[in-house]
Amino acid sequence: MPESKPGISTRSVHSGNDVDQKMVTRPKSLPIYESSVFVYDSLEQVDDFLAGNPDNYMYTRIGNPNHAAMEALVRDLEGGEAALFSASGMASVSAALLGRLSAGDHLIASRELYGTTQSLIEKELARFGISATLVEFNDLVAVEAAITPATRIIYTETASNPLVRVSDVPALARLAKARGLKLLVDNTFLSPALYNPLADGADLVLHSTTKYLNGHSDATGGILVGDGEWIAQARRFQINAGGSASPFEAWLTFRGAKTLSLRMKAHSANAQALAEALEGHPTVARVFYPGLPSHPDHALARRLFPKGASGMLSFTLHGGLAEVDKLIRALRNTAFAPSLAGVASSITHPGKTSHRALSAQALAELDIHDGTIRVSVGIEDADDIVADFQQALDQV
């Protein structure tokens, strides 16, 4: 008796599912593994996965081929032992800190850290009994003075937001190792194309991959790379807390990162040209860009970042909010957008966005004023970027 044909519902569910398993050739571009779960043929395969085989997968919250591809790429670019891709930069920060620290531990962090990171440290970590001291990281004496018997981590950024102050990572690494501490460095503003903190002694590097690694303002993510033990602790926390990224976000970021080196050359060259033009405009009181001799960390930046100082700069107008609003309205090709590092140039107002939660006194202490504007310089033609700002500033 001939075998009966399955019903249409059964065929709809199962037909075509194995087409990729019959392929002799393989795709040139990495596919999107948009699957929440993976199939096993035997209990032996389950045991193999749970024993730690990195080439097997079970559940995308735990791992996915797109996550693994992104981790392998950044691990290679930064030169680390291991890597962990997350749903956002803040998910990576949370995994790094909460995966490592326990109640009673102490953290030393730069007082110029990204605003949401400061909020996490002061409002969330404190609830779990983890204390922190925010200090001026350009003052190594102050950093060392903040160390206590409970200190476990020193945390800084290669270049701060929004005034792009540069941290002396090699000096901080020497201090951390001498005192038995771990050094965590957020390298988002430079990217691995321009600087590798691990090579200068950092233990763990963090990126908001939403920014330069993706580069196209169309995917959210974060990544940690470095010390294998620390990454394992962060991965355990992320699996338990649910901070894993979607396969599509990982795929978009992986694709975007392929042009990272080319983009960073353009970002850096364009930012240098714009910074020099802004410094000569009468409506501008001060320009903050490490590529300028006027920047307080210019010599350090030249030593650490010989390939370029990235595409991030800030400047302060002589006037206040009214002038900033005029500039925003007058710019033709530069959008007001509270993020950074896309191929298109954009500006934001730190006092109204990233640093909004800080008091007027705290902002003033950081040298952030009503007239301070942060620019993420894109990869457009440099002459067109400069001309757009010049015509807008002339109207201000």
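Residues numbered from 1 in each chain as written. Predicted model: local features only at pLDDT ≥ 70, side-chain atom pairs only at ≥ 80, totals over all residues. Heavy atoms only, no water.

> Go over the sheet that holds strand β10 (residues 335-336), please, and point to the residues and values.
Pairing within the open sheet is mixed, and its five strands lie in the order β8-β9-β12-β11-β10. Taken across any chain shown, the strands that pair with only one partner, and hence form the sheet edges, are β8 (284-288) and β10. Examined bridge by bridge, strand β11 (residues 346-348) and strand β12 (residues 372-376) share three bridges and lie antiparallel to one another. Counterpart to T348 in the pairing with β12 is R374. Helix α10 (residues 260-279) rests against β8, β9 (312-317) and β12 of the sheet, and its axis sits at about 10 degrees to β9. Packing of helix α12 (residues 321-330) onto the sheet brings it into contact with β9, β10, β11 and β12, and relative to β9 it is tilted by some 130 degrees. (Pairing = 2+ DSSP bridges. Helix = DSSP H or I, 4+ residues; strand = E, 2+ residues; numbered from the N terminus. Contact = heavy atoms within 4.5 Å. Axes fitted to C-alpha atoms, helices over the stretch in contact; angles between N-to-C directions.)

> How would you sum up empty space enclosed by the protein? Please name residues and give values.
In this structure the tally under the stated criterion is two cavities of 30 Å³ or more. Around the largest cavity, the lining residues are S110, E112, L113, E136, F137, N138, T156, E157, S160, R165, V166 and S167. Looking at side-chain class alone, the lining of the largest cavity contains three nonpolar, five polar and four charged residues. In this model, the second largest cavity occupies a volume close to 30 Å³. At the level of elements, α10 and α14 (382-395) are the ones that each hand at least two residues to the lining of the second largest cavity. Its residues placed into classes, the lining of the second largest cavity shows six nonpolar, two polar and no charged. (1 Å grid on protein atoms, 1.4 Å probe; cavity = no way out; pocket = protein on both sides within 12 Å on 5 of 7 lines; lining within 4 Å. Points joined across faces, edges and corners; volume = space filled by probe spheres on them. Nonpolar A, V, L, I, M, F, W, Y, C, P; charged D, E, K, R; others polar.)

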